[in-house]
Amino acid sequence: MKRRKFLTSTSAALATAGVLFQSSARLASAQGQGPLTRLAMPPLLDTRATSRLSLATQAGSSGFLGGPSTPTAGFNQEYLGPTIVLQNGELAAEVQNTLDEPISAHWHGLLVPGEHDGGPHLPIAPGATWQPEMTIAQDPATIWYHSHIHERTAEQVYFGLAGVIHVTDGEDDARGLPSTYGVDDLTLVLQDRRFDASGRMVYNPSMMNRMHGFTGNRMLVNGQAGATAVVPHGIVRLRLLNGSNARIYTLFFDDTQPMHLVATDGGFLPAPVALDTLRLAPGERAEILVDFSGDGAPVLMSDPSQAYGVLQFGTDATLPTRITHLPDQLDGVLEDLLGAEVANRQFSLDMGMGGMMRGGGGFAINGRPFDMRRINFDVALGTVERWHVRSSMVAHPFHVHGVRFRVLTENGAPPRPENTGWKDTVLIPGEAEILARFDQPASDTTPFMFHCHILEHEDAGMMGQFTVT
Ligand code: C2O
Ligand code: CU
Ligand code: CU
């Protein structure tokens, strides 16, 4: 069997820290004898009974590899946050900031007005509490939350201020979908992180890292390194979030079994779509079904051309197998917005005038770096617009607040399968056209953002803002 590696430092010190990836062959033979660390899910925070959501930032420290620890931060815990379950209806949220710097709580993928969006115009000062009273009204989806302070987002998310949200309608049984959290319905936050020779997690972007985005040398899943996801012998649902600052994954299973895509950023597809590889850029989510009825211990890998391990799976026959067949149909409705658009806009994801000359950042949209005091444009509430977005030089994942959109074309052709559903973030290696209806209002005091979701690019100015009135 070909030798695989996780994202691993080449440093001998790291290797001797006992953190090297075990190949699946070794792991399978080690089952039952060696200690196997089971991947843990983030704790569940179900708001459905109370219609209340209470989050508080918490400073902590985590020694991810069992080595020296790094100061980290999370929501209600020391790194990352709970998986929040929301249903449609009223939600009284409160987010308390106990850290000594401002943070925000942006609900990435939640369709709420600008005043509840938690972007850079809604900082929560140290010691303060933000209490948005929100109305949730959207299709079931896997979305997420993270801090979004201008010029601080990359570092704050890197050290832990992020978590997953499940918007649910309680109808997954009727859809034939696995829904037992942590058993046949796994939430997986994929993050690469950089560890130094002593095994300490570091964030020390060089000029080059700021240019290309900061990538790591180890994979963490739900904040854990080297853990095994143990699943029943049946169909398992994986809710994947790329919570990395800059790394783009092209996911596949080493045993070449297909992944059945059932949901994209904004909700379910009309029917599962079988994929051999799944591309996931920072900020994107995908829900896939995988058949674990075989006896193998497959590894979720990334990057067919330079493969590395992302997550080891193992099966446990004592876990209940609830779903054994793929659903034929799902109830996702993909509205065709074509022909309804009242405006066209062009966006070029590029360097500002002067580019790298200006103080080491220099990312921009249409040649202008982000300026918190400048509203770039206004969209008429309730209308559909067609946006043409082009990346110059490298591929940028483009994200828009306050909407879910359809991808009309990618480089002039129909979108790739991953991008056929509802999206709020899409990787743009060349150019793409997207269509969105803007149903959420946003004023000039709390406008919506549009930006590259490579967090170093966003912080360096590849962002703009718009109102919806
Ligand atoms: Cu995930 Cu503007 O953010
Ligand atoms: Cu967002
Ligand atoms: Cu970018």
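Bear in mind that the values here come from a model prediction, so they are computed numbers and not experimental data.

### Considering the coordination of the copper ion (ligand 3)
The copper ion (ligand 3) binds to the protein through His396 (ND1), Cys452 (SG) and His457 (ND1); the donor distances cover 2.0 to 2.1 Å. For the copper ion (ligand 3), all donor residues lie on one chain, and their spacing in sequence is H-x55-C-x4-H. One exposure class covers both Cys452 and His457, and it is buried.

### So, the sheet that holds strand β21 (residues 299–302)
Strands sit in the order β14-β22-β21-β16-β19 across an open sheet of five strands; the sheet is mixed. Edge positions in the sheet fall to β14 (228–231) and β19 (278–280), since each has one partner strand and no second. Taking each pair of neighbouring strands and ignoring which way they run, the sheet shows an average axis angle of 30 degrees. For β14 and strand β22 (residues 308–315), the ladder comprises four bridges, and the chain directions are parallel. Opposite Val230, over in β22, you have Gly314 as the bridge partner.

### Quick look at the environment of Gly283
Mapping Gly283 onto the fold places it in the loop between β19 and β20 (285–291). Excluding its chain neighbours within four sequence positions, the residues that come into contact with Gly283 are His108, Trp144, Leu241, Asn242, Thr425 and His453.

### Remarks on the packing of aromatic side chains
Under the counting rule described, the total for this entry stands at 28 aromatic pairs. For the ring pair Tyr203 and Phe214, a centre distance of 4.6 Å and an interplane angle of 65 degrees mean the geometry is edge-to-face. Residue Tyr203 is found in the loop between β12 (201–202) and α5 (207–212), and its partner Phe214 is found in the loop between α5 and β13 (218–221); the two are separated by 11 residues along the sequence. Neither Tyr203 nor Phe214 differs from the other in exposure class; each is buried. Taken together, the ring pairs connect Phe347, Phe377, Trp387, Phe398, Phe438, Phe448, Phe450 and Phe466 into an aromatic cluster. The ring of Trp422 is capped by Arg404, whose NZ or CZ atom sits 4.1 Å from the centre of that ring.

### Here's the deal with the domain arrangement of the chain
Assigned domains within the chain: domain 1 (5–16 + 40–174), domain 2 (177–315) and domain 3 (341–468). A separation of 25 Å is found between the C-alpha centroids of domain 2 and domain 3. Contacts between the two partners involve 27 residues from domain 2, matched on the other side by 25 residues from domain 3. Surface buried jointly by domain 2 and domain 3 totals about 2100 Å² across both partners, of which 56% is contributed by carbon and sulfur atoms. Remark: the boundary between domain 2 and domain 3 carries three salt bridges. Between Glu284 and Lys423 there is a salt bridge, with the nearest N and O atoms lying 2.8 Å from each other. Residue assignment for the side of domain 2 that touches domain 3 shows that the elements contributing at least two residues are α5, β17 (259–264), β18 (267–275) and β19. Per element, the largest residue contribution to the side of domain 2 that touches domain 3 is five residues, and it comes from α5. By residue class, the composition of the side of domain 2 that touches domain 3 is 13 nonpolar, nine polar and five charged.

### Looking at the coordination of the copper ion (ligand 2)
Distances from the copper ion (ligand 2) to its protein donors, namely His106 (NE2) and His399 (NE2), fall within the range 1.9 Å. Taken together, the residues His106 in strand β6 (residues 106–108) and His399 in strand β27 (residues 396–400) connect sequence positions 293 residues apart. This pair shows no difference in class: His106 is buried, exactly as His399 is.

### Overview of the sheet that holds strand β1 (residues 44–46)
Each strand in a sheet pairs with another by means of backbone hydrogen bonds, the pair being arranged parallel or else antiparallel. Pairing in this open sheet of five strands is mixed, and the strands run β1-β4-β10-β9-β6 from one edge to the other. What marks the edges here is a single partner per strand, and that holds for β1 and β6. Each neighbouring strand pair of the sheet contributes to a mean axis angle of 25 degrees, computed without reference to strand direction. Bridge count between strand β9 (residues 141–146) and strand β10 (residues 162–167): six bridges; the pairing is antiparallel. Paired with His146 across the two strands is Ala162, which belongs to β10.

### Digging into the pairing of strand β15 (residues 235–242)
On any regular strand, side chains alternate: one points to one face of the sheet, the next to the other face. Along β15, eight of the eight residues are buried, which leaves the element largely enclosed by surrounding structure. Residues Ile235, Arg237, Arg239 and Leu241 point to one face of β15 and Val236, Leu238, Leu240 and Asn242 to the other, with burial holding for every one of them. In this sheet, β15 lies alongside strand β11 (residues 185–195) in parallel orientation, the contact comprising six bridges. Considered in β15, the bridge of Leu188 is made with Leu240.

### Concerning unusual backbone geometry
Positive phi outside glycine occurs at Asp303, with the angle close to 70 degrees. Considering the arrangement of structural elements, one finds Asp303 in the loop between β21 and β22. Phi is positive for Asn366, which is not a glycine, with a value near 50 degrees. With respect to the secondary-structure elements, Asn366 resides in the loop between β24 (363–365) and β25 (377–379). Its relative accessible area of 41% is what places Asn366 among the partly exposed residues.

Cut-offs applied
Residues numbered from 1 in each chain as written. Chains lettered and ligands numbered in written order. Predicted model: local features only at pLDDT ≥ 70, side-chain atom pairs only at ≥ 80, totals over all residues. Heavy atoms only, no water. Donors = N, O, S within 2.8 Å, 3.2 Å for Na, K, Ca; no water. Buried < 20%, exposed > 50% of the residue type's maximum accessible area, 1.4 Å probe, protein only. Pairing = 2+ DSSP bridges. Helix = DSSP H or I, 4+ residues; strand = E, 2+ residues; numbered from the N terminus. Axes fitted to C-alpha atoms, helices over the stretch in contact; angles between N-to-C directions. Contact = heavy atoms within 4.5 Å. Phe/Tyr/Trp six-rings, centres within 6.5 Å; stacked < 30°, edge-to-face > 60°. Lys NZ or Arg CZ within 6 Å of the ring centre and 35° of its normal. Domains from an automatic or database assignment. Buried area = accessible area lost by both parts, 1.4 Å probe. Salt bridge = Lys/Arg side-chain N within 4 Å of Asp/Glu carboxyl O. Nonpolar A, V, L, I, M, F, W, Y, C, P; charged D, E, K, R; others polar.

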